[in-house]
Amino acid sequence: MRITGISTHVVGTPWRNLTYVQVHTDEGITGVGETRMLGHTDALLGYLKEAEVNHILGSDPFAVEDLVRRMKYGDYGRAGEIVMSGIAVVEMACWDIKGKALGVPVWQLLGGKVTDKVKAYANGWYTTERTPEAYHKAAQGVMERGYRALKIDPFGTGHFELDHKESLYAVSLIEAVRDAIGPDAELMLEMHGRFSPATAVRMAKELAPFKPAWLEEPVPPENLKALEKVAAKVDMPVATGERIHDRIEFRELFESQAVDILQPDVGHIGGIWETRKLAATAETHYMLVAPHNVGGPVLTAASLQVGFTSPNFKILEHFNDFADAEIKKVVKGAPQVDPEDGCFHLSDAPGLGVELDVDAAAEFPQQQARFDLWAEGWEQRKPKGTQ
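Residues numbered from 1 in each chain as written. Predicted model: local features only at pLDDT ≥ 70, side-chain atom pairs only at ≥ 80, totals over all residues. Heavy atoms only, no water.

## Focus on the sheet that holds strand 1 (residues 3-12)
What counts here: Should DSSP find at least two bridges between two strands, the strands are taken to pair. In this description a helix means any DSSP run of H or I spanning at least four residues, a strand means any run of E spanning at least two, and both kinds are numbered starting from the N terminus. Throughout, an axis means a line fitted to C-alpha atoms (over the contacting stretch in the case of helices), and angles, computed between N-to-C directions, take values from 0 to 180 degrees. Only heavy atoms enter the contact rule, under which two residues are in contact if any of them lie within 4.5 Å.
Ordered in space as 1-2-3, the three strands form an open sheet in which the pairing is antiparallel. Both edges of this open sheet fall to strand 1 and strand 3 (30-37), since each of them pairs with a single strand only. On average, each strand axis in the sheet is inclined to that of its neighbour by 20 degrees, with strand direction left out of account. Sheet topology note: the strand 2 (residues 17-25)/strand 3 ladder contains eight bridges and is antiparallel. Counterpart to Asn17 in the pairing with strand 3 is Met37. Lying on the sheet, helix 1 (residues 41-56) is in contact with strand 1, strand 2 and strand 3; it crosses strand 1 at an angle near 175 degrees.

Next up, the structure:
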């Protein structure tokens, strides 16, 4: 079997463009991959156009490791977010092809299942007015859908510092959310790399009474010493990793022991097998894995293949019941959270278990998507100028 070409499809919303890639073969089997780029969709499409000619055409889709290595190192330049995301979408599609050809799900090819279900947590649910009352109601809605966990960034446009008034307001938002979801649900606290170490530590301590399940990206990701400073002073698990795009670059995080939960994005770190390798290394350091997942149904399905096969897989992020819920129709067989237990359940469907509906995808053309985490009203995820 050989790859005869790829086709790309961009599904657009005002705040994110989702890039789907179909990999076609001479035996008529097509696989699909997906990633979500912020502000770099056209750059990704440009890279894929060149990579198709230079690396992908004529390749054996079963030889996933070989194709990934050629795409990563064959152009000599150091691979960053765009290249690793391009690798990821093609890599996912190759696993999809391999599973379909053999009649087995991808998780079976990765060593088999270690669990029948993966817990989900909701994100993109707090697109309402930024008040305790509105967040309380929205959080109740998340629980009514069967979720047992959710994530929130309550810090507005905070950057390095958060003054006393805004700090009190952030606390009031988290207090309202915790009241809405009860004591048993998990509440993930997101900082989006906003703060200096001192501010991150201060806010973590002020929010500790509400029992956050983790403290995510408390400081910008470039300075691991700053992260170590925070980790040494807070009494809750620290999570990070979504903006690291190469498995090798996690080495310093492992050495520092400053993180408890790794959050690679399967769509940015080279795909399913690269993420599974990272999870195996994390296991040797007694760290958990909870992938960043702001994509659509294909990226969710790909992330779940890692989840079903990794003993140290904690939970998976899920946007698609809340922000842009209508895009689920672009994929047949989209993974669903079971409202009975708040989990994704194992699927025996071959490959990734999903199929891209090209006609449905065409109903959501590419947009000039803009998501500015420093702009007032960013959490509402509306088109710029309508916040």
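That shown, we press on.
## Here we look at the domain arrangement of the protein chain
Stated precisely, the cut-off is as follows: An automatic or database domain assignment is the source of the domain bounds shown. Two parts lose some accessible area (1.4 Å probe) when they are put together, and adding that loss for both gives the buried area. Salt bridges are defined as contacts in which a side-chain nitrogen from Lys or Arg sits within 4 Å of a carboxyl oxygen from Asp or Glu. Polar contacts here mean pairs of N or O atoms no more than 3.5 Å apart (in protein, one a potential hydrogen donor and the other a potential acceptor; neighbouring residues in sequence count only if both atoms are side-chain atoms).
With domains assigned, the protein chain is organised as domain 1 (3-104) and domain 2 (108-351). A separation of 25 Å is found between the C-alpha centroids of domain 1 and domain 2. Domain 1 puts 32 residues into the contact, and the matching count from domain 2 is 35 residues. Interface of domain 1 and domain 2: buried area, both sides summed, is about 2,600 Å²; carbon and sulfur atoms make up 61% of it. There are four salt bridges connecting domain 1 and domain 2. When the shortest N-O distance is used, the salt bridge between Arg16 and Asp324 registers 2.9 Å. On the surface where domain 1 and domain 2 come into contact, there are 22 residue pairs in polar contact (both at pLDDT 80 or more). Elements with a contribution of two residues or more to the side of domain 1 that touches domain 2: strand 2, strand 3, helix 2 (64-73) and helix 3 (81-102). Sort the elements by how many residues they give to the side of domain 1 that touches domain 2 and helix 3 lands first, with 13 residues.

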